[in-house]
Amino acid sequence: MPVPRCSGPCGGVRPAALRRPRTGGAVCRSCFCNAFEAEVLSTLQTGRLLPPGAVVAVGASGGKDSTVLAHVLRALDARHGLALDLHLVAVDEGIGGYRDAALAAVRRQAGRWRLPLTVVAYADLFGGWTMDEVARRAAQEPGRARACCTFCGVLRRRALEEGAQRVGATHIVTGHNADDMAETVLMNFLRGDSGRLARGGTLGSPGEGGALPRCRPLQFASQKEIVLYAHFQELDYFSEECVYAPEAFRGHVRDLLKALEAARPSVVLDLVHSAERLALAPAARPPPPGACTRCGALSSRSLCQACALLDGLNRGRPRLAIGKGRKGLGEEGEKQSCTSKDSSGGPSRAGAIQAF
Amino acid sequence: MCQVGEDYGGPGPAELQPKLPWRGCEQKCMKCKEGLPVLIIRAGDAFCKDCFKAYYVHKFRAMLGKNRLVFPGEKVLLAWSGGPSSSSMIWQVQEGLSRESAKRLRFVPGIIYIDEGAVCGQSPEERAKTVVEMKLILQTIAFPYHIVSLEEVFNLPTSVLQPVSQGPRGFENTYKEAVDGFIQQQQQQQQRAPEEGGGEAVLSDEQIQEKLRQLSTQDPVGQEEVAGDSLPRPAQTTALMTLFSSVKTLTAREELLQTLRAHLILHVARVQGYTKVMLGDSCTRLAIKLMTNLALGRGAFLAWDTGFSDDRHGDVVMLRPMRDYTLKEIAFYNRMFGVPSVFTPAIDTKAPEKASIHRLMESFILRLQAQFPSTISTVYRTSEKLVKAPRNGDAAGAATARCLLCMCALDIDSTDSATAFGAQTLERLAQKLSPAPVLPTGAPGRPCCTKGTRLQPGCCRDTRPSSEREEPRASFIEQLCYSCRVNMKDVPFLEPFPPYILMESQCRSQRAWEKQEVQEFLFEESEEEALHPLGFSPQF
C-alpha cells in the first residue's frame, strides 16, 4: 500500500506517518504531535484549568499517560509561557516487582526534564500498610481479591493529595484520558453508583474544603493517541500492568470499550459527552462534602473512605468499608473506643493518619 | 427461574442448585402456602401458577396506578412488534379490561403493528405471511388495530417533526377530576339507559372522540391515509431499501429504524386520536437500551429514552408499562398462560456480535448478568434516578431548539468549550489545511431552495463549487443533537431520506436564515414581541 502524503498543516510536504484513530486523517509525525499538543492546550485554556503562576503537582506513575502529560505540560509551558511551576509527585504503593520499576522510570524522567520529584510511600503515610500487605490481608477473605484496586485507588488519591501539599502545590493534574473517563461512566452505571454519576463528567474538581483543585488535561485525548504521541516523542515510560489489576472489574469494561471502539471509533468521546450531560435527580446527588473527623480530609461522610478502609484493615476486617459494609464502622460515637483498641492492638498503626 | 442469569438477591446460582431437587417436592408456594409451586422467581421464591399470575397482573396494574398518567376513557395505542414482551402487554390490557367494574382498566385501547420486513431482510411473500399471522392473533383480541408498513414514512407530513406543546397542568388534580368525571358520566348513562335504549355506549365513545380531536392539533396533510392494510408499493420498498443500504454501519441503521418507527407510530397516534402510546420495553431491554444509548452519546436524553413516560412530542405521550418485568418473567408467563407471539426477524438478526453498538452492549450485559446476577436490576434502578432536566448551566437559548430526528432538546456545546464536543470540533479543524470558518452552533447555512418548494434532487448541486455543495448537509446536521450527528457520519447522502424530513429541515434552516437576516433590524425587546409580528412562531 502506498504511503499517503500528510493531510495536515504541513501541506503534504512529508509522507504521512499515521492515521489519527478518531478522524481517520493521515498525518505526518510532526503535524500529529503539534495537533496533539494544541488540543491539550485548548483543553487547558477553554477549561481555564491552570492559571498563570500555578504550582502544579503532576501525578506521575511512570506510565504512558502521566509521562505524556508531564512532557506536554513542560513543552507547552516553555512554548506558550504558561508560567507553570511543575512538580512530579509519585506514589509508592509498595507493590513488589511492579512499582519499583515504575518509580525508576519516574526518576529517569525527572532527571531528564530537570523537574523536582517527590515520592510519597503508603508505608510512611498509612502506618506501615503497603499494598502487598493489604492484598495479603484482603486475600484472607475468600473470593474477594477484587478488592485490591478498591483499596489502592482510595489510598492513592489520599497519598497524592498529601504529596501535593508537601510541595506546596496549588493544583493537581492527573493523566486520566478519555478512555478512562468512558470506562468510569460505564462502570458507575453497572454498579449503580448514582452519586459518582452526578459528580462526574466535569474536567476535575474545583477544590473545596481544603482539598486542592484537581484536573485532567488529557480528558479528551484517546488512549491510542497518547501511546502514539509517546512513541513519536520516544518517551521512556513503564508499560506493565499492575500485578493485582487482572482481577479488577474494570477489566470487563475495558474489553467492552475496545470492542465498541472497533464498531464506532468516536464511542469514547460519545461516552464522555453522555457523562457531561447526565441529569440526576436531586435526591441522588451526594450531600455537600464535609471534613473527615479523623484526618480532616475532604469527605462526604463523617469518616473519609481512606480512614474507613484503614480502620477495617487495622481491625482485621478489610471488607468493612466496602460496599454495604459500612455499618460496623465506628463513624460517630464509637470513635473513642476505636482509637483505644488501635493503640492496644496495632502498635505502629494507631492514628497514623492523624500525623499529617 | 432457576436458571443462570436470573436476578438472585443473595447467593449465586452455584449455591442454589444443589438444594432444589430435594427441597422442591415438599416446598409450597411462598404466597398462598398451599399451592404446588411451578416456578421460582428470584432466590427461592417459589410460586404456584395462580399466585404467579396474580403477582404478574398486579405488577402491570401497579405500574399504571402508581404513575397515574392514563386517564379514563383515553385512547391508548399499544405498539406491538409480535415479540413476547409487547404480546404480554396486550394480554395484560385485555385482562384488565375484562375485569369486573371496580377493577377495570378504563382506557380505550388500539393496536399498531409496524411491518419492518423490508429492512429486516424479508421477501414480500414472507412479509405477507407474517401479516396474515399477525391478523389471526389480532382478530382474537377484538381491539381496533392498524397494520402499517415502514414504507409509509415516505407519505408522512412534516407535522410529525413538530412537537405540539401542551400547557403544564397539575397532574394530581386533573387525574382525580378526570376519574370522578368519568365515573359520574357512567352513572348518568346507566340511569338514562333504560329510557333511551342501547345506543348509549356508542354515543359516549363519540363524545370522547370529539374531545380528543379538539385536543390534538393536526396538520391538514396529516389526514391522508396511512393505515393501509395492503402491501406497500414496490417503488417505496425500493426507496426504503436504498435509504437503509446507503447507511454505512449497522449501528446507524438501527438508530435510523428506531427514529422512523417512532415517527410512524406518532403519526398514526395523532391521526387516529390516540393520546398515549404503550411500548413493551421490559426491564432487561431497558437496561440494555440505557447502556447502548449512553455509548451513543445520548446521556442527556436517557430519562426520555428509558423512563416510564416520554413526553417529548407534547400531545402524544409514550409509556413503558412493562418496565418492571424481566424478560424471563415474561417468557414464563407467556408460556404458562398461552400468550401467542410471532417471531419476526429484526434488523440485526443473524448479524455478528461485533457488528453494532447495540449488539455488543446486549451481549455484554447478558453475559455480565450471568456472572453477576444483579447487573440488570442495578442498571435499571440507576436509570430511575435520572431526571428529564438539562444540567445546570446550559444556555437558555439552546433549550428551545429540538433535534430534527429524535426531537429531544439539542445538547450541543459551543465549539470552543472544554467538552467532548468542543474537543472533536478542534480535532476536525486540525485536519484541514487552512482552517475554514466554522459556523457557530445554531447559525444556519444559507438554504439552497426557496421556501415552501419541495426539495428537488440536484437543484442546488453542480452549479456551485464543491464547498457550497455541502451546505444543505451542513445545515441539516446543525439541526441535530449530538448523538444524531454522530449517526449522520455513517449516512453519506441526504437524498434517500423520506421527503418529510428533508422538507422540515429546509423549512427550519430557511426560518433560521431569515431570522439571522433581519436580526440587525430588530430591537432588543422581550423575545415575544420581537418574534411574533414577523411570523416566527415558536414552533420548536
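This one's a predicted model, so the numbers in the text were calculated from it and none came from an experiment.

### Examining the overall build of chain B
When its secondary structure is counted, chain B shows 20 helices and eight strands. Long-range contacts, defined as pairs at least 24 residues apart, comprise 74% of the intrachain contacts of chain B with a sequence gap of at least 6. In the structure as shown, chain B presents an accessible area of about 25800 Å², 55% of it carried by carbon and sulfur atoms.

### So, the packing of helix 10 (residues 250-263) of chain A against helix 11 (residues 267-277) of chain A
To characterise two packed helices, one gives the angle between the axes of the helices and the distance between these axes. Residues and elements named next belong to chain A. Their axes nearest at 8 Å, the elements helix 10 and helix 11 cross at an angle of 115°. One element, helix 10, and the other, helix 11, form an angle in the roughly perpendicular class. Contacts between helix 10 and helix 11 pair Leu 257, Leu 260 and Glu 261 from the former with Val 267, Val 268 and Leu 271 from the latter. Here the residues of the contact of helix 10 with helix 11 sort into five nonpolar, no polar and one charged.

### Here we look at the pairing of strand 5 (residues 145-149) of chain B
Residue and element names in this part refer to chain B. Within strand 5, four of the five residues are buried, which leaves the element mostly enclosed by the surrounding structure. Note that strand 4 (residues 108-115) and strand 5 share five bridges and pair parallel. Counted as the bridge partner of Ile 111 is Tyr 145 from strand 5. With helix 5 (residues 124-141) bridging strand 4 and its parallel neighbour strand 5, the resulting β-α-β unit is right-handed.

### Some details on the confidence of the model for chain B
Residue and element names in this part refer to chain B. Per-chain confidence: chain B averages 78 in pLDDT, with 72% of residues scoring 70 or above. Here residues 211-229 is a poorly scored stretch, pLDDT under 50, and it has 28 contacts once near neighbours within four places are set aside; other chains count. Scored below 50 in pLDDT, residues 392-399 makes three contacts in the model with residues more than four places away or belonging to other chains. The ipTM value of the predicted complex is 0.82, and its pTM value is 0.81.

### Some words on the UniProt feature "binding site: ATP" (unreviewed entry) in chain A
Residues and elements named next belong to chain A. Mapped onto this structure's residue numbering, the UniProt feature "binding site: ATP" (unreviewed entry) falls at Gly 59, Ala 60, Ser 61, Asp 65, Val 91, Gly 175 and Asp 180. Take Gly 59: it is sitting in strand 3 (residues 55-59). Here Gly 59 falls in the buried class, since its relative accessible area comes to 13%. With sequence-adjacent residues up to four places away left out, Gly 59 is seen in contact with Ser 66, Val 89, Leu 160 and Val 173. Tracing the backbone shows Asp 65 in helix 2 (residues 64-80). Looking at Asp 65, the relative accessible area reads 14%, which means it is buried. If near-sequence neighbours (up to four positions away) are discounted, Asp 65 is found in contact with Gly 175, Asn 177, Asp 180, Leu 218 and Ile 226.

### Focus on the interface of chain A and chain B
Taken together, the contact between chain A and chain B spans 54 residues of the former and 53 residues of the latter. Summing both sides of the interface, chain A and chain B together bury roughly 4500 Å²; the carbon and sulfur share of this comes to 63%. Broken down residue by residue, the surface that chain A buries against chain B is led by A:Phe189, A:Arg264 and A:Arg277, which jointly contribute 18%. Linking chain A with chain B are two salt bridges. There are ten residue pairs in polar contact (both at pLDDT 80 or more) connecting chain A and chain B. Of all elements in the fold, only strand 2 (26-27), helix 1 (29-46), helix 7 (178-191), helix 8 (194-199), helix 10 and helix 11 of chain A reach the threshold of two or more residues within the side of chain A that touches chain B. If one sorts the elements of the side of chain A that touches chain B by residue count, helix 11 of chain A sits on top with ten residues.

### Section: unusual backbone geometry
Positive phi values are uncommon outside glycine, yet A:Arg114 reaches one of about 50°. The class of A:Arg114 is exposed, set by a relative accessible area of 73%. Within the chain, B:Lys350 stands out as a residue other than glycine whose phi angle is a positive 70°. By the element assignment, B:Lys350 lies in the loop between helix 12 (327-336) and helix 13 (357-371).

### A word on the pattern of salt bridges
Scanning the entire structure with this criterion turns up 31 salt bridges over all chains. Between A:Glu183 and A:Arg250 there is a salt bridge, and its shortest N-O distance comes to 3.0 Å. One end of the pair, A:Glu183, is in helix 7; the other, A:Arg250, is in helix 10, and 67 residues separate them in sequence. Close ionic contact of B:Asp490 with A:Arg264 constitutes a salt bridge, the shortest N to O distance being 3.3 Å.

### A short note on helix 9 (residues 223-232) of chain A
Residues of helix 9 of chain A that are buried include every one of A:Gln223, A:Glu225, A:Ile226, A:Tyr229, A:Ala230 and A:Phe232, and no others. One or two residues past the end of helix 9 of chain A sits A:Glu234, with phi positive at roughly 50°.

The rules we used
- Residues numbered from 1 in each chain as written.
- Chains lettered and ligands numbered in written order.
- Predicted model: local features only at pLDDT ≥ 70, side-chain atom pairs only at ≥ 80, totals over all residues.
- Heavy atoms only, no water.
- Helix = DSSP H or I, 4+ residues; strand = E, 2+ residues; numbered from the N terminus.
- Contact = heavy atoms within 4.5 Å.
- Areas by Shrake-Rupley, 256 points an atom, 1.4 Å probe, with all protein chains shown as cover.
- Axes fitted to C-alpha atoms, helices over the stretch in contact; angles between N-to-C directions.
- Parallel < 35°, antiparallel > 145°, perpendicular 65-115°, else oblique.
- Nonpolar A, V, L, I, M, F, W, Y, C, P; charged D, E, K, R; others polar.
- Buried < 20%, exposed > 50% of the residue type's maximum accessible area, 1.4 Å probe, protein only.
- Pairing = 2+ DSSP bridges.
- Right-handed = clockwise from strand over helix to strand, strands pointing away.
- pLDDT = per-residue confidence, 0-100.
- UniProt positions renumbered as here; feature names shortened; annotations may be inferred.
- Buried area = accessible area lost by both parts, 1.4 Å probe.
- Salt bridge = Lys/Arg side-chain N within 4 Å of Asp/Glu carboxyl O.
- Polar contact = N/O pair within 3.5 Å; in protein donor to acceptor, adjacent residues only side chain to side chain.

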